[in-house]
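# Survey of secondary and tertiary structure
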There are 4 protein chains.
Amino acid sequence: MPIEQDRSQFRHERILEAATRIFSQKGYHDAAMDDIAVESRTSKGGLYFHFPNKQTLFLALLDQMMGLLRARAEAAIAEEIDPIRKAEAALRVVLQTFASHRTLAQLFLVEALAAGREFHERMAASHRAFGALIQSHLDDAVRQGVIPPQDTALAGQVWFGALNEVVTTWLLSEPPGPLEEQYPALRALLLRSVGVPTARIFPAGEES
Amino acid sequence: MPIEQDRSQFRHERILEAATRIFSQKGYHDAAMDDIAVESRTSKGGLYFHFPNKQTLFLALLDQMMGLLRARAEAAIAEEIDPIRKAEAALRVVLQTFASHRTLAQLFLVEALAAGREFHERMAASHRAFGALIQSHLDDAVRQGVIPPQDTALAGQVWFGALNEVVTTWLLSEPPGPLEEQYPALRALLLRSVGVPTARIFPAGEES
Amino acid sequence: MPIEQDRSQFRHERILEAATRIFSQKGYHDAAMDDIAVESRTSKGGLYFHFPNKQTLFLALLDQMMGLLRARAEAAIAEEIDPIRKAEAALRVVLQTFASHRTLAQLFLVEALAAGREFHERMAASHRAFGALIQSHLDDAVRQGVIPPQDTALAGQVWFGALNEVVTTWLLSEPPGPLEEQYPALRALLLRSVGVPTARIFPAGEES
Amino acid sequence: MPIEQDRSQFRHERILEAATRIFSQKGYHDAAMDDIAVESRTSKGGLYFHFPNKQTLFLALLDQMMGLLRARAEAAIAEEIDPIRKAEAALRVVLQTFASHRTLAQLFLVEALAAGREFHERMAASHRAFGALIQSHLDDAVRQGVIPPQDTALAGQVWFGALNEVVTTWLLSEPPGPLEEQYPALRALLLRSVGVPTARIFPAGEES
DNA sequence: GATGAATGAGCATTCATTCAT
DNA sequence: AATGAATGAATGCTCATTCAT
């Protein structure tokens, strides 16, 4: 019954979209399953047919988003050869993705913590994953002698924390300004933080 | 009736302490006013006499904590003359304070977001305040020519974001390791990020 | 605050009465906590203040009823000296109590099983208790040589089972006839079952 | 299409068997139609094709069981000539059947009440039927002068009630002991209850 | 000031039943 | 005949907040 399957899958996705909207509008706790049912033009029973409970539905959203970020980041990284440029690419892509998906960013950076204890471990894992990604390329850079030996694990955390803060500030500011404009300065700060020579940071000498 | 006033104030504080424990144990949403009433050996009515509602009680906690952080930071800053050392002092003190008050850190960095929309603006303000503190000293450093001109507002955000991430990771890790050991490396990264000369970062040449 | 206590206790009892009515009207499962709240002129929250959940409320009812039966039976038994007469008294009193409290009987004999697994053990205990009561007096009778040695535990069960069946049939019959008229014949059957001589059963020789 | 008919009938039976298992495992209310569908390797739609609703499905089970009991009892009764022995046979067979089909007994004696109001009349009818069966043979016995004239309708009820209690106690006891061992003592009690001479009850004089 | 009983809106979840395919 | 996705009414329970005493 491919037709039925398609329809079911379509509804599945419609629910995910609706949930994204509702959760990021109202926050995890204030979002009622009823709201999501209405928004996805489904019945409450239909919702529960596709997702066993509210928590799982929210987790599905986070996982979906992690997948998106990871895929984009990996694609961008693959296009670069130089390890520093790889790390830069990861930073840039995540910033861009958040910039163009404010709703998702809201979910990922704010609501995920707000959703309660159960999600903390999951979030910690996401943060670790991003940190590890940066770290691996910084390690390459160290190996190649581009930057001095250092605590690259911490550097990964610092990069993600900085990104996180910039995006969160943007999320909580009303009205939101252009997030992407922050990228060059952020890039400069973070590159400098790991000891990338100034010459490499400002190729044409355009110190801000 | 100064005695009664004392008693009232004493109870006020007992409630705050109890609330701190309960909120950081259970999280904002899962903490019931009942729990706090019991923990503070008061009645529910008593609670509501001192605080008009749950939100306000939680806000009082955040404000108290902000006050503590601010006081400590300002004291530490006042002891330094050099602007870079002032900025460093702020960073160090906040890290130390969180390290020695895990419960407060939990509340401030995790639960505050979890508490819902109503707190977002407040949190944004806290973040801005810390960022501005760092920024002001970095601006002095720029003025003195110690570091190059740059987007010091962003730098302030980056410093706080980095700190935030490091502490949060520590909060969510089981079992928690020693947070303060991270300080030297974090300091180095952040000083370097704003262009402090390596010679100043590692005075005796002890590159890690 | 004895006044408040009184009021609270009064409400407690009003809830129990309302619950008795609703449960025996609709049965355990079809009785909604809402129904009971309305019937007891309370709010749902008020209900839950007095009883932590539906099950506990129902159990309180059963316990209350067990207490009533036990008290009446013991009082009646205490008035008799002869062990056979004591056993008879228990039988008679329980029959009478059920006859005059149809609602309670419904709850005790029908709904208690219908309420589900969780109550089975409790019901089994009630049955055992009644059986043991009969048994103890039959044992006395055996000891005194009034009736032959026999499996008095089983006899206790038989007596209660017989009573149970007669009452249940009456409960389920529409319209209900006079239950107490059944007593003499039931008494005769049960006395004969344990070997009480016919002469003692029909003192004046009034065989039915 | 006899083959299809067979298949349908086969499925019909598979559903009944599955329902028996599920209902007696979980009880009427906690048994979900979904559970039964899975257990019978059918779909929910399939279930509803064979039985219009949950109630009807459960009734079908009860009817099936009543039929089994009736058939066995009648067969056993037919083998006896003496009316007392006929009544005894009915008693013995029902006890044996319950003893060897614990699941069915559970359904018949416990869950049937738990299933709610709608089943009460049906159950009453079953009880009446068994009572009437006993009664008819006791009436014969009275007519033949084997036992004294008495309220045989009540006696039928007493016999069934006693049996019911013994079996139910066994059902609710953990772990279940051997039910059939109770038969001789139960028989003696019940025969004596209707006035069967002791000599007939213990042919070889083996008073327990 | 303090108490704690009472309120009631709110919500996640279940499940018998339906029906398009 | 059979499937299983969808429906939606029903319900037990929670908890911030109020208020008579």
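On a predicted model such as this, the values are computed, not experimentally measured, just so you know. (Residues numbered from 1 in each chain as written. Chains lettered and ligands numbered in written order. Predicted model: local features only at pLDDT ≥ 70, side-chain atom pairs only at ≥ 80, totals over all residues. Heavy atoms only, no water.)

### What to know about the protein's contact with DNA strand E
Rules: A molecule or strand has a residue near it when one of that residue's heavy atoms lies within 4 Å. In protein, a polar contact means a hydrogen-donor-capable atom and an acceptor-capable atom, both N or O and within 3.5 Å, with residues adjacent in sequence counting only if both atoms are side-chain atoms; elsewhere, any N or O pair within 3.5 Å suffices.
Around DNA strand E, 33 residues are found, and the nearest of them are Lys44(A), Gly45(C), Phe49(C), His50(C) and Lys44(D). Among atoms of DNA strand E positioned within 4 Å of the protein, sugar and phosphate together represent 65%. For DNA strand E, a phosphate oxygen lies 3.0 Å from a polar atom in the backbone of Met33(A). A distance of 3.3 Å is found between a base nitrogen of DNA strand E and a backbone nitrogen or oxygen belonging to Gly45(B).

### What about the relation of the copies chain A and chain B?
For clarity, the cut-off: Least-squares fitting of one copy onto the other uses the C-alpha atoms of those residues that reach a pLDDT of at least 70 in both copies.
For the pair chain A and chain B, the relating rotation is 180°, the translation along its axis is 0.1 Å, and the fit reaches an RMSD of 0.2 Å. What the superposition gives is, in effect, a two-fold axis relating one chain to the other.

### Topic: the relation of the copies chain D and chain C
Rule in force here: Contacts are assigned to residue pairs with any non-hydrogen atoms lying within 4.5 Å of each other.
Turning chain D through 180° and shifting it by 0.0 Å along the axis lays it on chain C, with an RMSD of 0.1 Å. Interface overlap between copies: 100% of the residues of chain D at the interface are likewise at the interface in chain C, consistent with a symmetric, same-surface contact.

### Side note on the protein's contact with DNA strand F
Selection criterion: Note on conventions: DSSP H or I runs of at least 4 residues are helices, E runs of at least 2 residues are strands, and numbering of each starts at the N terminus. Under the convention adopted here, Pro, Cys and the residues Ala, Val, Leu, Ile, Met, Phe, Trp and Tyr are nonpolar, Asp, Glu, Lys and Arg are charged, and Gly plus all remaining residues are polar.
Near DNA strand F you find 33 residues, and of these Gly45(A), Phe49(A), His50(A), Lys44(B) and Lys44(C) are the closest. Those atoms of DNA strand F that come within 4 Å of the protein belong to sugar or phosphate at a rate of 66%. Ser43(A) has a polar side-chain atom sitting 2.9 Å from a phosphate oxygen of DNA strand F. Residue Lys54(B) places a side-chain N or O atom 2.8 Å away from a phosphate oxygen belonging to DNA strand F. Elements with a contribution of two residues or more to the surface near DNA strand F: α3 (44–50) of chain A, α3 (44–50) of chain B, α1 (2–26) and α3 (44–50) of chain C together with α1 (2–26) and α3 (44–50) of chain D. Across the surface near DNA strand F, the residue classes tally to 10 nonpolar, 13 polar and 10 charged.

### Let's talk about the arrangement of the chains
At the level of C-alpha atoms, the two units chain A and chain C stay apart, their nearest approach being 21 Å. Taking C-alpha atoms as the reference, chain B and chain D come no closer than 30 Å and do not contact one another.

### Digging into the interface of chain D and chain C
Convention followed: Values labelled buried area give the accessible surface lost by two parts on being combined, using a 1.4 Å probe and summing over both. Definition used for salt bridges: Asp or Glu carboxyl oxygen within 4 Å of a side-chain nitrogen of Lys or Arg.
On the side of chain C, 45 residues touch chain D, which itself brings 45 residues to the contact. Summing both partners gives a buried area of about 3400 Å² for chain D against chain C, and 58% of it is carried by carbon and sulfur. On the surface where chain D and chain C come into contact, there are 1 salt bridge. Between Glu111(D) and Arg117(C) there is a salt bridge, with the nearest N and O atoms lying 2.6 Å from each other. If you look at where chain D meets chain C, you find 10 residue pairs in polar contact (both at pLDDT 80 or more). Within the residue set of the side of chain D that touches chain C, elements represented by two or more residues are α1, α6 (102–114), α7 (117–143), α8 (152–172) and α9 (183–193) of chain D. The element contributing the most residues to the side of chain D that touches chain C is α8(D), with 12 residues.

### Quick notes on the packing of helix α6 (residues 102–114) of chain A against helix α6 (residues 102–114) of chain B
Applied cut-off: For helices, the fitted axis covers only the stretch in contact; all axes are lines through C-alpha atoms, and the angles between them, taken along N-to-C directions, range from 0 to 180 degrees. Throughout this description, any angle smaller than 35 degrees is read as roughly parallel, any larger than 145 degrees as roughly antiparallel, any in the 65 to 115 degree range as roughly perpendicular, and the remainder as oblique.
Relative to each other, α6(A) and α6(B) sit at 95°, their axes nearing to 6 Å. It follows that α6(A) is roughly perpendicular to α6(B) by the angle criterion. Seen from α6(A), the contacting residues are Leu109(A), Val110(A), Leu113(A) and Ala114(A); seen from α6(B), they are Leu109(B), Val110(B), Leu113(B) and Ala114(B). Here the residues of the contact of α6(A) with α6(B) are counted per class, giving 8 nonpolar, no polar and no charged.

### With respect to the domain arrangement of chain A
Residue and element names in this part refer to chain A. Note the threshold: Start and end points for every domain follow an automatic or database-based domain assignment.
Examined at the domain level, chain A breaks down into domain 1 (1–51) and domain 2 (61–199). Each partner contributes to the interface: domain 1 provides 8 residues, whereas domain 2 provides 10 residues. The contact between domain 1 and domain 2 buries some 750 Å² in all, and 73% of this surface belongs to carbon and sulfur atoms. Broken down residue by residue, the surface that domain 1 buries against domain 2 is led by Thr20, Ser24 and Tyr28, which jointly contribute 61%. Inspection of the domain 1/domain 2 interface yields 1 residue pair in polar contact (both at pLDDT 80 or more). Here the residues of the side of domain 1 that touches domain 2 sort into 4 nonpolar, 4 polar and no charged.

### Points about the pattern of salt bridges
Residue and element names in this part refer to chain A. Let me state the cut-off plainly: Accessible area is worked out with a 1.4 Å probe on protein chains only. A residue is then buried under 20% of its type maximum, exposed over 50%, and partly exposed in between.
Evaluation of the coordinates by the stated rule reveals 37 salt bridges over all chains. Here Arg21 and Glu39 are joined by a salt bridge, their closest N and O atoms 2.5 Å apart. With a gap of 18 residues between them, Arg21 in helix α1 (residues 2–26) and Glu39 in helix α2 (residues 33–39) connect regions that are remote in the sequence. For Arg21, a relative accessible area of 36% puts it in the partly exposed group. The class for Glu39 is partly exposed, based on a relative accessible area of 29%. Across the pair Asp63 and Arg122 runs a salt bridge whose closest N-O atoms are separated by 2.9 Å. With Asp63 in helix α4 (residues 54–78) and Arg122 in helix α7 (residues 117–143), this residue pair connects regions lying 59 residues apart in the sequence. Classification of Arg122 by relative accessible area gives partly exposed; the value is 36%.

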